[in-house]
Amino acid sequence: MKKKKTNHILWAVGMSIASLIMLIPIIMMFMTSFKTMAEIQSPVFHLFPEHFSLDNYKDAMHNGNWLVYFKNSIVITLTAVALSLLFNSIAGYAFARLKFKGAKIMFLFLMVGLMMPPQVTMLPTFLIMARFPLAGGNNLFGAGGTGLINTYAGLVIPLVSGSYGVFLCKQFYENFPRSLDEAAEIDGANKWKTFFTIYLPNSKAILATLGLLKAVAVWNDYMWPLIMTNSENMRTIQLALSMFKTDSGIMWNQMMAGSVLVALPMFILFLCAQKYFIQGIVTSGLK
């Protein structure tokens, strides 16, 4: 018993140290957001600023139209998360609970997507969006215009589906007892009604997990908005952070202030959804 208690204490201390190490960059970012450029460039390092002031935050918010940047990121993230939860949960339910020809082969091809780095599919996806028929001045054959470039649709559509989301939902729905399907069938419910009235209401854990992962990925995405947008009014917050890099150098104090504001919504989201996130990871069979 004493040995077990000692091991528990050692484990807690080890995890606390590891957590503190991972928090060091976040703490430094937060503290740097209050420092002046003179303090940041000083040869003597000080973790805490000499004076806590919100001037960096004010200057950062006046450097560009941040209301537009936040609006763009919020619209893109919410739309992508909502559509992703809908389509990935339906696909996961189909693979887990329905029997149809070619299911194993289709799922095998789907899993290939987990092995593909996003950089491999980025150029083909861009070409599809640019040559989207009857959009952005394009004709029926996808020529003559800009397609979905510089639009919300072009930013959101490629983010809607994903192999990982379908796999996560499939693993989760496979844990449901078969008696639910049999009871729904006896009551005369079809597959769609079974999904929306039985499975979906009991999917809070996995939807919160998938939603959190998707929201963080879309919110922090830099490369795809950089490729798909070319105007100020479509810029996202991650692209906006690059404004603090000028020809004369990087304004680290304002960049760190902007980074704190950009990271804050995801931090709050994780605190609100962490219970469901942990439950979803465990119940989906991912350790």
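The structure contained in this document is the topic of the report that follows.

What counts as what
Residues numbered from 1 in each chain as written. Predicted model: local features only at pLDDT ≥ 70, side-chain atom pairs only at ≥ 80, totals over all residues. Heavy atoms only, no water. Helix = DSSP H or I, 4+ residues; strand = E, 2+ residues; numbered from the N terminus. Polar contact = N/O pair within 3.5 Å; in protein donor to acceptor, adjacent residues only side chain to side chain. Contact = heavy atoms within 4.5 Å. Axes fitted to C-alpha atoms, helices over the stretch in contact; angles between N-to-C directions. Parallel < 35°, antiparallel > 145°, perpendicular 65-115°, else oblique. Left-handed = near helix turned anticlockwise from the far one by under 90°. Nonpolar A, V, L, I, M, F, W, Y, C, P; charged D, E, K, R; others polar. Buried < 20%, exposed > 50% of the residue type's maximum accessible area, 1.4 Å probe, protein only. Salt bridge = Lys/Arg side-chain N within 4 Å of Asp/Glu carboxyl O.

**A short note on the side chain of Lys 170**
Secondary-structure assignment places Lys 170 in helix H8 (residues 163–173). In this structure the side chain of Lys 170 is engaged in a polar contact, spanning 2.5 Å, whose partner is the side chain of Glu 174. Contact partners of Lys 170, with chain neighbours within four places excluded, come to Gly 92, Phe 95, Ala 96 and Phe 107.

**Quick look at the packing of helix H9 (residues 178–186) against helix H10 (residues 191–199)**
Running from N to C, H9 and H10 cross one another at 120°; their axes reach a closest spacing of 10 Å. In terms of orientation, H9 lies oblique with respect to H10. Our pair here, H9 against H10, has a crossing hand that is right-handed. Residues Leu 180, Asp 181 and Ala 184 of H9 lie in contact with H10, whose contacting residues are Thr 194, Ile 198 and Tyr 199. Considering only residue class, the contact of H9 with H10 consists of 4 nonpolar, 1 polar and 1 charged.

**Re helix H7 (residues 152–160)**
In an α-helix, one full turn covers 3.6 residues, which means residues spaced three or four apart are oriented alike. Regarding H7, the residues found buried are Gly 154, Leu 155, Val 156, Leu 159 and Val 160. The inward-facing, buried residues of H7 contact helix H4 (66–97), helix H6 (118–130), helix H11 (204–219) and helix H12 (223–228).

**Some thoughts on the pattern of salt bridges**
Tallied over the entire structure, the rule returns 3 salt bridges. Arg 97 is paired through a salt bridge with Asp 181; the nearest N and O atoms lie 2.7 Å apart. Pair noted here: Arg 97 is in helix H4 and Asp 181 is in helix H9, with a separation of 84 residues, a long-range link. The residues Arg 97 and Asp 181 share a single accessibility class, namely buried. With a shortest N-O distance of 3.5 Å, Glu 232 and Arg 235 are connected by a salt bridge. Residue classification places Arg 235 among the partly exposed positions, given a relative accessible area of 22%.

**Notes on the environment of Asn 65**
Residue position: Asn 65 is located in the loop between helix H3 (55–62) and H4. By relative accessible area, Asn 65 is classed as partly exposed at 39%. With 174 residues separating them along the chain, Asn 65 and Leu 239 place their C-alpha atoms 12 Å apart.

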